[in-house]
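# Examination of the molecular architecture
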Amino acid sequence: MTPLALRMCRSANGVSEKHGEVSRELWLEMFEGAEVKDVPISFVTNGVHAPTWIAPTLKSLYEKHIGADWIEVLKDEEVWSKAIEKISDAEIWESHLLLKNQLIAFIRQRTFAKETGSHDTINERKNVKDLFNPNVLTIGFARRVAAYKRWNLLLSDIERLYKMIDDANRPVQFVFAGKAHPQDRTAKFLLQKLMLQNGTSTWQNRAVFIEDYDHEVARYLVQGVDVWMNVPRRPLEASGTSGQKVAMNGGLNFSILDGWWIEGYDGVNGFSIGVLRDEEGVDDATIDAQDAESLYTVLENEIIPTFYKEGENGLPTEWIARMRRALQTLTPQFSSDRMLKDYIEKIYC
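Residues numbered from 1 in each chain as written. Predicted model: local features only at pLDDT ≥ 70, side-chain atom pairs only at ≥ 80, totals over all residues. Heavy atoms only, no water.

Counting secondary structure elements, the protein chain contains 16 helices and eight strands. Counting only residues that meet the buried cut, the protein chain has 51% of its 349 residues in that class. By sequence separation, contacts in the protein chain at least 24 residues apart represent 72% of the contacts at least 6 residues apart. Carbon together with sulfur atoms contributes 51% to the accessible area of the protein chain, which is approximately 16,600 Å² in total. (Helix = DSSP H or I, 4+ residues; strand = E, 2+ residues; numbered from the N terminus. Buried < 20%, exposed > 50% of the residue type's maximum accessible area, 1.4 Å probe, protein only. Contact = heavy atoms within 4.5 Å. Areas by Shrake-Rupley, 256 points an atom, 1.4 Å probe, with all protein chains shown as cover.)

Next comes the structure, spelled out in structure tokens:
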């Protein structure tokens with residue numbers, strides 16, 4: 001079907017720059033004598049609908065400082081960036097803490113033990129009032145449970161992981177959500193491995209798994225987490241959009257340089273895992289080990305220290321600066337308005 005579509009369509013495109021590049025290499029043999037660069041597959045990077053995914057508390061902030069027409073301002077990256085500068089650190093942080101507390105309330109509600117005996121999370125319990133803390137660094141990981149998305153990468157060094165989550169002064173907590181295809185046994189095994197970690201009290205206190213991942217769960221997560229983690233095996237992530245929704249709410253992405261994040265990451269507006277490289281000839285086990293080491297190193301040396309470092313005003317000023325940068329650069333770049341404009345100008349014209 002793909003060769004038929006490529007031959008019959010007037011235009012073909014990937015959903016990110018990297019996806020277009022990979023697709024041209026994949027279908028090169030269809031175009032005899034052509035070089036990779038000449039394969040007629042372009043790209044338009046995915047975007048998300050900002051008014052749908054930006055939290056109401058942030059919309060109110062934008063209306064206050066930018067005006068009721070903030071959605072129109074969003075279409076101009078330069079004007080939008082200057083407008084975000086008007087918002088104080090305190091207002092950005094206060095809005096984020098409100099969303100984070102809403103997420104924790106949702107987690108506690110979904111974690112509370114039901115009389116039905118269902119198990120919604122890693123640690124279903126009767127007493128949830130002390131589960132999760134808004135002052136603790138909260139990392140979200142929610143996506144389809146597929147082998148290439150490497151759910152088990154975080155569990156590759158359990159002792160190192162537990163050391164981070166059990167730190168008395170700078171702990172970390174994780175919220176997981178996702179679904180596996182009923183016939184994907186490998187994916188279900190990965191999820192089972194995550195769930196089996198509940199034998200330790202440390203893990204039970206610092207991690208939850210939310211079942212039945214849907215738009216409601218996604219909304220709480222993308223609006224309330226501090227960090228959004230994404231660890232697919234390059235170059236298998238075509239684009240991804242969950243991280244775009246997080247960035248529009250001031251959350252920071254912590255991701256493999258694949259899909260949309262290659263285009264969005266500027267060194268300040270989030271964090272990267274691993275480096276851009278040619279994986280050809282390198283086995284998956286080696287790549288996984290390198291990426292796992294990078295994941296732990298960035299967490300230990302960059303993310304955790306920055307989150308817990310307070311400025312003279314008592315706020316995590318360096319962290320807020322990264323949040324501001326994410327709001328400035330990623331919101332307009334990955335909005336559906338920009339995506340539609342690209343389709344009109346590059347594909348449908």
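There is a patch of nonpolar side chains on the surface, built from Met1, Leu4 and Met8 and spanning about 430 Å² of accessible area. Mapped onto the fold, Leu4 is located in helix α1 (residues 2-8). Judged by its relative accessible area of 49%, Leu4 falls in the partly exposed class. (Patch = residues over 30% accessible without salt bridge, like charges linked within 9 Å, V, L, I, M, F, W, Y side chains within 5 Å. Salt bridge = Lys/Arg side-chain N within 4 Å of Asp/Glu carboxyl O.)

On average, residues of the protein chain carry a pLDDT of 89, and 89% of them reach 70 or more. Considering each helix and strand of the protein chain separately, the mean pLDDT is smallest for helix α9 (residues 185-195), with a value of 65, and largest for helix α15 (residues 317-333), with 98. Within the model, the stretch residues 115-120 combines pLDDT values under 50 with nine contacts to residues more than four positions away or in other chains. (pLDDT = per-residue confidence, 0-100.)

Our next topic: the sheet that holds strand β3 (residues 137-142). On the basis of which strands lie adjacent, the open sheet formed by six strands has the order β5-β4-β3-β6-β7-β8 and parallel pairing. The open sheet terminates on both sides in strands that have one partner only, identified here as β5 (207-210) and β8 (270-273). Pairwise comparison of adjacent strand axes, ignoring direction, gives a mean angle of 20° for this sheet. Here four bridges tie strand β6 (residues 227-230) to strand β7 (residues 252-256), and the two strands are oriented parallel to one another. Looking across to β7, one finds that Trp228 is bridged to Asn253. Contacts between helix α7 (residues 89-111) and the sheet are confined to β3, β4 (172-177) and β5, with β5 contributing the most and set at about 70° to the helix. (Pairing = 2+ DSSP bridges. Axes fitted to C-alpha atoms, helices over the stretch in contact; angles between N-to-C directions.)

Attention shifts here to the nonpolar core. Ranked by internal contacts, the top residues of the largest apolar core, which has 83 residues, are Tyr62, Leu161, Phe254, Leu295 and Trp319. In this view, Trp319 contacts Trp93, Leu137, Asp226, Val227, Leu252, Phe271, Ile303, Thr306 and Phe307; residues no more than four positions away in its chain are not counted. (Core = buried A, V, L, I, M, F, W, Y, C linked by side-chain atoms within 4.5 Å.)

In this structure, the largest pocket spans a volume of roughly 320 Å³. If you trace the largest pocket, you find 21 residues lining it, with Ala142, Tyr213, Thr241, Ser242 and Lys245 closest to the centre. When contributions to the lining of the largest pocket are tallied by element, the ones reaching two or more residues are α11 (215-224), β6, α12 (242-247) and β7. Residues belonging to the lining of the largest pocket are distributed by class as follows: seven nonpolar, nine polar and five charged. (1 Å grid on protein atoms, 1.4 Å probe; cavity = no way out; pocket = protein on both sides within 12 Å on 5 of 7 lines; lining within 4 Å. Points joined across faces, edges and corners; volume = space filled by probe spheres on them. Nonpolar A, V, L, I, M, F, W, Y, C, P; charged D, E, K, R; others polar.)

Let us now look at unusual backbone geometry. Omega for the peptide link from Arg234 to Pro235 comes to -5°, which places this bond in the cis form. Its identity as a non-glycine residue notwithstanding, Phe132 has a phi of 70°, on the positive side. Inspection of the secondary structure assignment puts Phe132 in the loop between α7 and β3. The phi torsion at Arg150 lies on the positive side, around 55°, for a residue other than glycine.

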